[in-house]
Amino acid sequence: MDILWQSFLDALRRFSTKGGFVRASHVALSMMLAIFPFCILVLSVAGMLSSAGLSASGADLGDMLDVVFGTWPDAIAEPIEGEVRAVMETSGGSTLTFGVLLTLVFASNGFEAVRLAISAAYHDRDDPRPIWKQRLLAMTFAICGAVLVILAGVFSVVIPIYVRFVADVAPILHLEALAGKYLGSAVTTGVLIFALAACHKWLPGVQRPFRALWPGIVLTLVLWIVCAYGFEFYIKTFSTYSVTYAGLAGVMSALVFMYLMAAIFVLGAEFNASLGAMAKERRGSQ
């Protein structure tokens, strides 16, 4: 426990001295700008998979948006989700035909910002990989993320149907609760944990085993949950965004929320980097 506490204090120091606040603001703004093209990319890829017979038609737009915004506080997610839904319903599947490359580039900008932020935590210098490989990695994350959201949306539809069928056949198992919102929340949480682990594993370009990544991932998840509930309470109780920003209140509250989430994400990466540095020092002193 002592090394964890020391690493946490060192992570706070690293976060402050290595421009953690600047990196967090870059991630937050880039992800905010990438939400719309990413969701359009999700809809476009879903259309491709559906036309190819590779995706179930049961997952609609709402199911996929639930995966993207399911972990956001309702007070923050509803305004943004409404705008994203309007854009996606208007765009349909035509974006894939006429602007797939442009949509993919804009959608990958958010992952590129995450790569820069997490690489700065794990590296004491710039990412040594060539630029083309860095950009290709961000685009790959965008495409894989879109496919993951679609699959999660399909599972959130198909699994409850299967659970209800089993519950009707074997009512003694009492599986009715699994067919409700708890299963959807579990799927969304699973996608979030997998995405977080993937960012720590492959974006920085540092070869680390998964066991060395979990401390920062767990710290990030715990602080995310605390911050999400705290910020939602603040929005509902004390916030004056509607007075200050008028019609932009929903966007500003979402941007501040994403900034806090990005800062915690960067802190989690710095925590892992600090743990790794301390472990290396202890091995060298033995």
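See the structure above.
In short, a report on the structure. Because the structure is predicted, anything quoted here is derived from the model rather than measured.

### So, the overall build of the protein chain
So, point 1. When helices and strands are counted, the protein chain shows ten helices and zero strands.
So, point 2. Seen in sequence order, the protein chain has helices and strands lined up from the N terminus as α-α-α-α-α-α-α-α-α-α.
So, point 3. Looking at the protein chain as a whole, 46% of its 286 residues qualify as buried.
So, point 4. Considering only intrachain contacts with a sequence separation of at least 6, the fraction spanning at least 24 residues in the protein chain is 81%.
So, point 5. Accessible surface for the protein chain amounts to roughly 15300 Å². Of this, 69% is attributable to carbon and sulfur atoms.

### Quick word on the side chain of Arg129
So, point 1. Within the fold, Arg129 resides in the loop between helix H5 (94-122) and helix H6 (131-169).
So, point 2. At 3.5 Å, the side chain of Arg129 forms a polar contact with the backbone oxygen of Trp202.
So, point 3. Among the polar contacts made by the side chain of Arg129, one reaches the main-chain carbonyl oxygen of Leu203 at a distance of 2.4 Å.
So, point 4. Non-local contacts of Arg129, meaning those with residues more than four positions away in its chain, are made with Arg115, Ser119, Gln134, Leu137, Trp202, Leu203, Pro204 and Gly205.

### With respect to the environment of Arg14
So, point 1. Mapped onto the elements of the fold, Arg14 is located in helix H1 (residues 2-17).
So, point 2. A relative accessible area of 11% means that Arg14 is categorised as buried.
So, point 3. Once the C-alpha coordinates of Arg14 and Ala121 are considered, the two residues, 107 residues apart in sequence, prove to be 8.2 Å apart.

### What to know about the layout of surface pockets
So, point 1. Volume-wise, the second largest pocket comes out at about 370 Å³.
So, point 2. The wall of the second largest pocket is formed by 18 residues, among which Arg208, Ala273, Leu275, Gly276 and Ala277 lie closest to the centre.
So, point 3. At eight residues, helix H10 (residues 249-285) tops the list of elements feeding residues into the lining of the second largest pocket.
So, point 4. Counted by class, the lining of the second largest pocket contains nine nonpolar, three polar and six charged residues.

### What about the environment of Gln6?
So, point 1. Inspection of the secondary structure puts Gln6 in helix H1.
So, point 2. Sequence spacing of Gln6 and Leu275 is 269 residues, and the spatial spacing of their C-alpha atoms is 8.8 Å.

### Here we look at helix H8 (residues 214-237)
So, point 1. When the terminal C-alpha atoms of H8 are compared, their 34 Å separation across 24 residues agrees well with the 34 Å that a helix rising 1.5 Å per residue should span.
So, point 2. Within the span of H8, buried status applies to Gly216, Ile217, Leu219, Thr220, Leu221, Trp224, Cys227, Ala228, Phe231, Glu232 and Ile235.

### Things to note about the packing of aromatic side chains
So, point 1. Enumeration according to the criterion identifies seven aromatic pairs in this entry.
So, point 2. Note on Phe38 and Phe111: the rings are 6.1 Å apart at their centroids and 65° apart in plane angle, and the pair reads as edge-to-face. One end of the pair, Phe38, is in helix H2 (residues 20-51); the other, Phe111, is in helix H5, and 73 residues separate them in sequence. The burial state of Phe38 is the same as that of Phe111; both residues are buried.
So, point 3. With 6.1 Å between their ring centres and 50° between their planes, Phe111 and Phe141 make a pair best called tilted. Remark: Phe141 occurs in helix H6 and Phe111 occurs in helix H5; sequence separation between them is 30 residues.
So, point 4. Through a chain of ring-to-ring contacts, the aromatic side chains of Phe38, Phe111 and Phe141 assemble into a single cluster.
So, point 5. Across the ring face of Phe210, the terminal group of Lys201 is positioned such that the distance to the ring centre comes to 5.0 Å.

### Overview of the pattern of salt bridges
So, point 1. Scanning the model with the defined rule gives five salt bridges in all.
So, point 2. With a closest N to O distance of 2.7 Å, Glu112 and Arg115 form a salt bridge. Within this pair, Glu112 and its partner Arg115 are both found in helix H5, separated by three residues, close to a single helical turn.
So, point 3. Among the residues examined, Arg115 registers a relative accessible area of 1% and is labelled buried.
So, point 4. Taken together, the salt bridges that share partners define one network made up of Arg14, Lys18, Arg23 and Glu270.

### Focus: a nonpolar patch on the surface
So, point 1. A cluster of nonpolar side chains, Trp202, Phe210, Trp214, Val218, Val222 and Val226, forms an exposed patch at the surface whose accessible area comes to about 570 Å².
So, point 2. Examining the composition of the nonpolar patch, we find that four residues originate from one element, H8, more than from any other.
So, point 3. Considering the arrangement of structural elements, one finds Val226 in helix H8.

Rules used in this analysis
- Residues numbered from 1 in each chain as written.
- Predicted model: local features only at pLDDT ≥ 70, side-chain atom pairs only at ≥ 80, totals over all residues.
- Heavy atoms only, no water.
- Helix = DSSP H or I, 4+ residues; strand = E, 2+ residues; numbered from the N terminus.
- Buried < 20%, exposed > 50% of the residue type's maximum accessible area, 1.4 Å probe, protein only.
- Contact = heavy atoms within 4.5 Å.
- Areas by Shrake-Rupley, 256 points an atom, 1.4 Å probe, with all protein chains shown as cover.
- Polar contact = N/O pair within 3.5 Å; in protein donor to acceptor, adjacent residues only side chain to side chain.
- 1 Å grid on protein atoms, 1.4 Å probe; cavity = no way out; pocket = protein on both sides within 12 Å on 5 of 7 lines; lining within 4 Å.
- Points joined across faces, edges and corners; volume = space filled by probe spheres on them.
- Nonpolar A, V, L, I, M, F, W, Y, C, P; charged D, E, K, R; others polar.
- Expected span 1.5 Å × (residues − 1).
- Phe/Tyr/Trp six-rings, centres within 6.5 Å; stacked < 30°, edge-to-face > 60°.
- Lys NZ or Arg CZ within 6 Å of the ring centre and 35° of its normal.
- Salt bridge = Lys/Arg side-chain N within 4 Å of Asp/Glu carboxyl O.
- Patch = residues over 30% accessible without salt bridge, like charges linked within 9 Å, V, L, I, M, F, W, Y side chains within 5 Å.

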